[in-house]
Structure formats: structure tokens, C-alpha cells
Amino acid sequence: MDDGLRVALKRIKPRVRELRAYTLRSERAPIKVNQNENPFDAPERIKREALRRFERRAWSRYPDFVPVELRRKLAAFAGWDEEGIIVGNGSNELIQATMMVTLGEGRRALLSEPTFALYRQIATVLGADVLSVPLTERLTFDVAALRRAIEREDPDLTIICSPNNPTGGVIEEDDLVRLLEKASGLIVVDEAYFEFAERSAANLLRAHPNLIVFRTFSKAMAMAGWRVGYALAAPEIAREIGKAVLPYNLNAFSQIAAEVALEMYDAELLPLVQALIRERERLFEALQEISGLSPVPSKANFILVRSRIEPRRVYDELLRRGILIRDVSGYPMLADCFRVSVGRPEENDLLIEALREIFARS
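First things first, this report covers the structure right here in the doc. (Residues numbered from 1 in each chain as written. Predicted model: local features only at pLDDT ≥ 70, side-chain atom pairs only at ≥ 80, totals over all residues. Heavy atoms only, no water.)

Further remarks concern the sheet that holds strand 7 (residues 211–216). Judged by pairing direction, the sheet is mixed, and its 7 strands sit side by side in the order 2-8-7-6-5-3-4 without closing on themselves. With one partner strand each, in any of the chains shown, strand 2 (85–88) and strand 4 (129–134) form the two edges of the open sheet. Averaged over all adjacent pairs, the angle separating strand axes in this sheet is 20°, with direction ignored. Pairing between strand 2 and strand 8 (residues 229–232): 4 bridges, direction antiparallel. Along strand 8, the bridge assignment pairs isoleucine 86 with alanine 231. (Pairing = 2+ DSSP bridges. Helix = DSSP H or I, 4+ residues; strand = E, 2+ residues; numbered from the N terminus. Axes fitted to C-alpha atoms, helices over the stretch in contact; angles between N-to-C directions.)

So, in C-alpha cells, the structure goes:
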């Protein structure tokens, strides 16, 4: 390594240099069930209406500094105050902003792991101490252990992903209330997949001002390509988080597309969510019938699967058949696991048949 580069790298925080970057393998396949995307895509009516509205807008003008109309529609959709809604360039931006205003040297973040790897990565970059409570052997939330950790460590920020990625489990409302009552710090519930669970923690916001709820348009709303997310919090908390969000963070087209998706959710998107839930249950039952596989019950749009065969081999075998899944064996507690997103019926049929062939030969 060049001496000048070596000297320059020393200015990067040591804990950052030690981190493994959040990455995703770049393979492609006709059937892509590795990123928890919505397999049905946004309906044509939503696309056409968003494009029609955007055609009338000048490209030379900045997007709205405060997306007032989008926040108004989100308030109606989520049943929460406009002043307590922050809109972001995907929910990841809002996760980062929340951590930026709460975490740093000498601050603590509490996670229930295995979970979405980005939480630990951002907290570590910010210099926080990251505390971890493992899931139970059944990969459910260990609420008693979380309560003990909150009592003992008094974390500034606790993050609960529900449904949890990559395991698909949810935290029960009564258990969440007990954590909220015990914590003096903030508790975030990341609800990226809440539509598929048909439940939400948002109804607890008024009674618990230390609660923040993250949501995204990337999953049920079928808009992963346009990067829209939002957070629900007490207006006073939302105001502080907003200080870490960059100006004009959400582009004009994303604002318009999100407004249209909300307007048409019941008619266009909800039927697709319901169809995906049905496919999730069908896929789960089919995976249960394959000897050597043990799917974990899920309330998301994906299923974690324990495998008798090494997950990397399953990944490679499926890729040769044109099917791309996610190998999650590098996560704690998941050394024998892979994850599959719920695809369209015909995609799920091909996945099931391929797995039957692979495990019949092993």
C-alpha cells in the first residue's frame, strides 16, 4: 500500500476500518427472490397516474422542501399527526438520522439479533456501544432478556424490527408495551413489513412518547426503486430527528408516486398484499413437506429456512436453475439458514420444485 494512502487511511476511525461493509452479491437470475421485494410490481394505474402528474412538473425546480401534501396523506393513512411524520429517502435514511441524533461516543444502542445488519453498522460508525440480546432458540424475541438489558444498561436507543428481518417474527403488543414502560430511552420499531403482518405498533404512539415507528414504500407499496420511507413519532421527537435529515432529501417524482400509491392503496395495492400473504402460507406449507428443510413461521413477505444441506450449496444449486435466494448463514444463530422472498405463484412453484429435486438427491 502506498505510504500516502496508509497515512490518509489513519484518519478514518479505527472502528469503521474494522467493519465489514453491508454488501449484496451481484448475481442475476430470471427468478429473483433474494431481496424481499414485492413480486407483483406497482399496478399500471398507479404508474400511469404518477407519470401523468409528473409530466406537468418543471424538472428545473427543487422538490418541496417540506412534502406537505404527502405528509397529509400519510397522516390519514397512518392515523397520526402530520407534525409527527418525517419523510425520507427510504426508511434507511431515517434510521440513520435517528441514530445520528441519539448515538455517539459513550451512548448505547440495544439490538435483538439476528436482525437487519444496517442497525449495527450505523451505530458502530457513529461510535456508539452496541449491546445485543439474542433471539430465543425458536428465533422469537426474548422479551424478558430485553427488559433485563434495558434495566441494566439504560440504552439510549433500542431497535426492534417487527416483523424481523431475516427471521419474520413479530413482537406482541403487550410485550412491546412492557418494554416501552421500562425504558427511559427511545424505542424504535422498524415496520418495513407491517402490512404483511396485518398489525402495527402505531396505535401505541399517543400513550408512549418514547416510541418511534419506521415504515417504507419499498415492500407492500411496490416502490423499492423510488426510495420512500417515513417515520412516526411524537412531534417534538420528529422535530429533533428532522435536524439530521438533508434538505430536499426526497426527489419530486418519488413524492408524487408515493401520494398516488396512498390514494390507490385500498383499490390497487391491498389486494396484492392479501395475495402475497396467501402465497406465503402456501409456500411455507410446501417447504415443510420437503425433507431436510425447516421453514420458520413468518409474518413478513419472506421465509427463513433451516437446511440440512449447507446454505451456500443450496444457493449455488438454485442459481444454476435460474433462481436467486439469500444465503444468511453468516448471521449469528443462522449458520444453517437461507432466506427466500415470496414470489409470484409461478415463481414459487419453480422454487418448490427445484428444492424438491435438490433435497431428494442429498
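Strand order in the open sheet made by the 4 strands is 9-10-13-12, with antiparallel pairing throughout. Since the sheet does not close on itself, it has two edges, and those belong to strand 9 (293–295) and strand 12 (326–327), each with one partner. Two strands pair when backbone bridges link them, and strand 9 and strand 10 (residues 302–307) are joined in this way by 3 bridges, in the antiparallel orientation. If you follow serine 294 over to strand 10, its bridge partner there is arginine 306.

Ranked by size, the top nonpolar core spans 95 residues in total, and within it Phe217, Leu232, Leu318, Ile325 and Leu355 carry the most contacts. When residues of this core are assigned to their parent elements, the largest contribution, 9 residues, is made by helix 12 (residues 265–288). Counting 26 residues, the second-largest nonpolar core is a separate cluster that includes Leu94, Cys161, Val188 and Ala238. (Core = buried A, V, L, I, M, F, W, Y, C linked by side-chain atoms within 4.5 Å. Buried < 20%, exposed > 50% of the residue type's maximum accessible area, 1.4 Å probe, protein only.)

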